[in-house]
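# Survey of secondary and tertiary structure
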Amino acid sequence: MAEKRVESLDEVTIRFAGDSGDGMQLTGTQFTNTTAILGNDLSTLPDYPAEIRAPAGTLFGVSGFQIHFGSTEINTPGDQCDVLVAMNAAALKVNIGSLVDGGTIIVNTDGFSDKNLKLAGYEQNPLRDGSLDKYRVHEVDISKLTALALQDLNISSKLVDRSKNFFALGMMYWIYNRPLEQTIGWIRGKFGNKPDIMEANLRVLKAGWNFSETTEIFSVRYEVGPAKLAPGRYRNITGNQALAWGLMAAAKKAKLDLFLGSYPITPASDVLHELSIYKSYGVKTFQAEDEIAGICSALGASFGGALGVTTTSGPGVALKSEAIGLAVMVELPLIICNIQRGGPSTGLPTKTEQADLLQAIYGRNGEAPVPVIAAATPSDCFDATFEAVRIALKYMTPVMVLSDGYLGNGSEPWLIPDYSKLPDISPTFRTNPDGFFPYSRDDATLARPWAIPGTPGLEHRIGGLEKQHITGNVNYEAENHDKMVHLRAEKIERIANDIPLATVEGNPEGDLLVVGWGGTYGAIKTAVVRQREQGHSVSHLHLRYLNPMPKNVGEILYKFKRILVPEINLGQLVKILRSKYLVPAVGFNKVRGLPFKSVEIEREIEEILKGKK
Amino acid sequence: MKTLVEEILKSTAVPEEAKYSARDFQSDQDVRWCPGCGDYSVLAQTQRVMPDLGIPRHKMAFISGIGCSSRFPYYMNTYGFHGIHGRATAIASGLKMARPDLSVWVVTGDGDGMSIGGNHLIHLLRRNIDINVLLFNNQIYGLTKGQYSPTSEMGKITKSTPYGSLDYPFNPVSLALGSSATFVARSLDRDPKHMQSVIKRAAGHKGTSFVEIYQNCNVFNDGAFFRFTEKETKDDSVVFLEHGQPLIFGKEKDKGIRLNGFSPEIVSLKDGTYSVNDLLVHNEKDTTLSFILADMTYKPHLPRPVGIFLAIDRPVYEQEMEHQIAFAKEKRGEGDMAKLLNSGDTWVVQ
């Protein structure tokens with residue numbers, strides 16, 4: 001056996017692609033977790049269809065998982081992939097466009113039968129017709145090798161077929177010099193009570209590794225060293241997990257029970273799944289009969305002194321709108337998490353988008369102001385949610401947290417916070433009946449008292465009808481309504497006094513400021529840094545607080561000649577910035593259900609700086 | 001670790017249960033229903049029953065949706081929440097799950113509870129959360145000024161149905177039974193004693209109790225239930241259900257209900273053909289019987305059954321929820337957030 005060469009890489013992007021039943025998400029997640037433990041910085045992009053098991057071999061059934069990892073700082077899942085693992089012809093066809101010229105393709109040749117080719121719409125076999133000449137193609141009959149590895153086990157051919165993703169994983173572990181231990185441990189834990197499956201998966205994983213070690217197909221192994229991350233203990237975390245943990249941590253800090261009322265919806269269901277595990281933390285999860293019952297039960301729980309939370313995606317927020325208005329009116333704390341997806345209507349359930357910003361800020365009847373906070377990265381979902389809870393409790397208000405499918409399902413290494421050093425959250429319940437009025441207000445925050453049922457002497461009624469200032473009695477008077485509308489608005493505006501000022505990444509003044517919010521953070525950051533490295537005067541402002549905005553946003557905007565706002569919508573933040581600050585900001589908008597590529601943003605920056613736009 | 005709620009409840013606990021009168025449950029708000037509305041009676045009977053329940057009023061919460069009946073919480077000197085249309089059951093469910101220590105009541109109507117809120121109602125009933133639902137059925141939309149409701153009789157002429165309504169009406173009792181409710185009853189606004197006894201039983205029931213109350217809307221649907229509530233016709237038109245008792249009705253107590261196969265039929269106790277021993281005996285623990293009795297509702301030749309159709313025990317949702325939490329805590333120990341954050345696969349960067 002020839003000695004294999006080892007090359008060192010700073011960063012690499014791999015995409016696993018196969019049928020939605022091929023286990024590509026699992027393969028990608030395992031590769032990610034092992035990579036995280038090795039200390040690489042990373043970012044992931046699961047990209048899967050809405051159909052659970054679309055017909056095998058079809059283009060619309062292709063499921064992909066992309067991971068970008070390196071020894072350098074990684075901010076995006078990668079504009080293009082360097083390596084494509086394609087389990088069949090359809091996976092190749094769908095994903096070949098995202099492979100860099102000269103990139104590597106590893107194909108499962110068994111997935112290129114005449115039937116596969118036909119389903120994928122190939123007239124000729126791309127492995128034979130020279131169309132892949134500009135790539136390095138490695139052909140491996142993964143299915144056959146998997147079957148051989150399992151031939152002495154008495155298991156069904158279906159089970160054999162289901163194991164082949166572990167062969168691909170074993171190969172990739174060998175090529176990128178990753179240990180098998182993490183995945184072996186996972187397989188043992190997951191299939192401990194199904195010995196057949198456990199044995200099959202373990203064998204196939206090792207077979208993939210050994211095959212790569214032995215075969216002449218792979219002559220090079222790659223080394224990707226650990227990244228220079230800030231010191232401390234790390235874990236890999238997805239946005240949805242971080243969001244769930246942020247809620248739990250905040251509730252624990254506040255000494256409140258966490259109550260989640262939720263209805264399953266992609267891509268938010270994982271938050272419900274995650275929280276339902278933690279009963280020993282006092283978390284109550286309630287799978288309601290619909291979205292409306294989800295939020296109403298959460299609001300009822302908040303009335304009772306719990307931290308009421310509801311999690312959903314855009315269509316769910318539409319259904320919850322009336323109840324959010326009720327929460328505004330009764331001034332109870334409530335957290336609404338919107339893991340945005342492609343819209344309108346059912347739209348693209350499994351794809352990402354950030355087109356619910358205006359819905360979040362304005363999407364209710366009447367003047368119903370709600371604070372809105374957006375997470376910027378998967379791990380930032382923890383901090384954003386924690387902050388949302390702080391605000392909800394301090395100001396007695398519903399708060400909307402915006403995440404999206406990309407953040408929710410994507411993952412990155414996370415410097416684990418010291419729980420004891422997280423900000424203090426100390427809500428208080430009113431107990432003194434003397435001088436109690438349900439709609440009296442705190443001088444500083446304008447918050448009304450939280451008086452929970454069970455407290456003697458504080459019996460009172462709240463509801464969706466307009467309240468009389470102070471007493472909280474039903475009141476229809478013109479002047480009172482005007483006063484209350486203004487008070488509710490001012491209460492939310494005053495939160496601006498209680499949040500950090502916005503900070504610019506890069507120079508505080510210059511030719512161009514790129515303003516973003518939410519999950520575009522990594523792509524914008526990468527683009528702006530590269531442009532600055534090329535000597536351009538570009539800075540980046542990323543807004544976490546979208547309502548109210550930090551007090552210095554106007555000041556920041558006015559210091560730049562041009563303002564560019566990339567968004568995965570048709571221009572929502574740009575509309576707000578233009579109307580609020582009267583700046584000639586321009587949008588950069590692509591709504592494809594996918595995150596921005598940083599190179600697209602770079603091109604847009606160049607065009608603007610050249611005066612072409 | 002104790003939660004803030006537990007701390008507050010401990011610190012504000014009242015040593016002795018206060019003795020209440022009906023007046024203690026009247027809030028300082030003017031009652032604003034139309035004069036002559038059946039709602040007044042339901043409010044009065046509820047306030048009269050409350051002192052007997054042995055529950056301090058600060059431990060009670062009345063939750064409502066939208067409609068005439070839903071103004072109810074404003075008039076009760078307890079905790080109250082006037083929600084949005086149809087969602088009282090969902091709000092109340094969240095409150096009861098968060099706070100099993102509270103006595104939670106839902107006041108709703110035929111529109112609020114069975115039309116816009118029908119979905120939440122059926123799910124509350126099947127879950128069996130310990131909430132008491134009082135559904136005021138006046139067979140009309142009152143607050144929106146007189147459109148037909150999901151319980152209006154077919155052919156109802158209203159503002160929105162000038163040629164008569166086409167919908168077949170819900171029978172609330174059948175709907176509740178079909179939703180696997182564990183306590184289902186019907187009472188009448190003009191029979192205070194009966195209503196008081198039913199409300200008391202509903203309050204004592206562990207699990208969701210559903211009480212349909214025939215309530216007269218004297219403005220938009222006056223007299224809808226007079227056949228069942230007025231002296232002249234009531235005795236011959238209503239059969240009161242009493243656990244363990246044969247179904248006897250009529251001014252002279254001379255008529256009974258007997259089962260012919262699965263079909264109830266009226267028999268005379270006077271002509272010597274049948275005696276009391278032949279009559280159907282009510283059993284509120286019998287789910288099959290409850291369906292048969294409920295089905296009598298819209299049969300014009302049969303008396304309208306009123307009373308407790310069903311009262312059975314089934315695990316109570318929020319108690320099961322508490323059990324799961326207690327079990328998890330016992331098995332895994334009280335959750336430790338710092339530990340969780342550092343659990344699983346982690347690594348250290350120097």
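Above this text you will find the structure in question.
## Details of the interface of chain A and chain B
Counting from both sides, the interface comprises 67 residues of chain A and, opposite them, 58 residues of chain B. Every element with two or more residues in the side of chain A that touches chain B is listed here: helix H1 (24-37), strand E9 (232-238), helix H9 (239-253), strand E10 (258-262), strand E11 (284-287), helix H11 (291-303), helix H12 (314-330) and strand E17 (461-463) of chain A. No other element matches H11 of chain A, which puts 9 residues into the side of chain A that touches chain B. For the side of chain A that touches chain B, the per-class residue count stands at 34 nonpolar, 21 polar and 12 charged. Relative to strand E12 (residues 346-349) of chain B, E9 of chain A runs antiparallel, the two being bridged by 4 bridges. If you follow Tyr234 of chain A over to E12 of chain B, its bridge partner there is Trp347 of chain B.

## Focus: the packing of H1 of chain A against helix H6 (residues 164-175) of chain A
All names here are of chain A. Closest axis-to-axis distance for the H1/H6 pair is 9 Å, and the angle between their directions is 30 degrees. The pairing of H1 with H6 is recorded here as roughly parallel in orientation. Judged by the twist between their axes, the crossing of H1 over H6 is right-handed. Of H6, the residues touching H1 (which contributes Met24, Leu26, Thr27, Gln30, Phe31 and Thr34) are Asn165, Ala168, Leu169, Met172 and Tyr173. Of the residues in the contact of H1 with H6, the class split is 7 nonpolar, 4 polar and no charged.

## Section: the pairing of strand E4 (residues 131-137) of chain B
All names here are of chain B. With 7 of 7 residues buried, E4 is to be regarded as a mostly interior element. Residues Ile131, Val133, Leu135 and Asn137 point to one face of E4 and Asn132, Leu134 and Phe136 to the other, with burial holding for every one of them. Pairing of strand E3 (residues 103-109) with E4 involves 6 bridges; the strand directions are parallel. Across the sheet, residue Val107 finds its bridge partner in E4, namely Leu134. Bridge count for E4 against strand E6 (residues 209-214) is 6 bridges, and the pairing is parallel. Residue pairing in the sheet places Asn132 in a bridge with Ser209 of E6.

Criteria and cut-off values
- Sequence order as written defines the numbering, with residues in each chain counted from 1.
- Working convention: letters from A go to chains and numbers from 1 go to ligands, in the order in which they are written.
- At least 70 in pLDDT is required for a residue's local features to be given in this predicted model, at least 80 for side-chain atom pairs to be given and counted, and no such filter applies to totals for whole chains, interfaces and linings, which use all residues.
- C-beta atoms are first placed from the backbone for all residues, and any pair lying within 7 Å is then listed as a contact.
- Every helix listed is a DSSP run of H or I at least four residues long, and every strand listed is a run of E at least two residues long, numbered separately from the N terminus.
- Think of it as three bins: nonpolar holds Ala, Val, Leu, Ile, Met, Phe, Trp, Tyr, Cys and Pro, charged holds Asp, Glu, Lys and Arg, and polar takes everything else, Gly as well.
- In this description, strands pair whenever DSSP reports at least two bridges between them.
- Axis definition: a line fitted to C-alpha atoms, over the contacting stretch in the case of helices. Angles run 0 to 180 degrees between N-to-C directions.
- By the definition adopted for this analysis, an angle is roughly parallel if under 35 degrees, roughly antiparallel if over 145, roughly perpendicular if from 65 to 115, and oblique otherwise.
- The sense of a crossing depends on the near helix, which, turned anticlockwise from the far helix by less than a right angle, makes the crossing left-handed and, turned clockwise, makes it right-handed.
- Between the buried cut of 20 or more and the exposed cut of 12 or fewer other C-beta atoms within 10 Å of a residue's own C-beta lies the partly exposed class, and all C-beta atoms are placed from the backbone.

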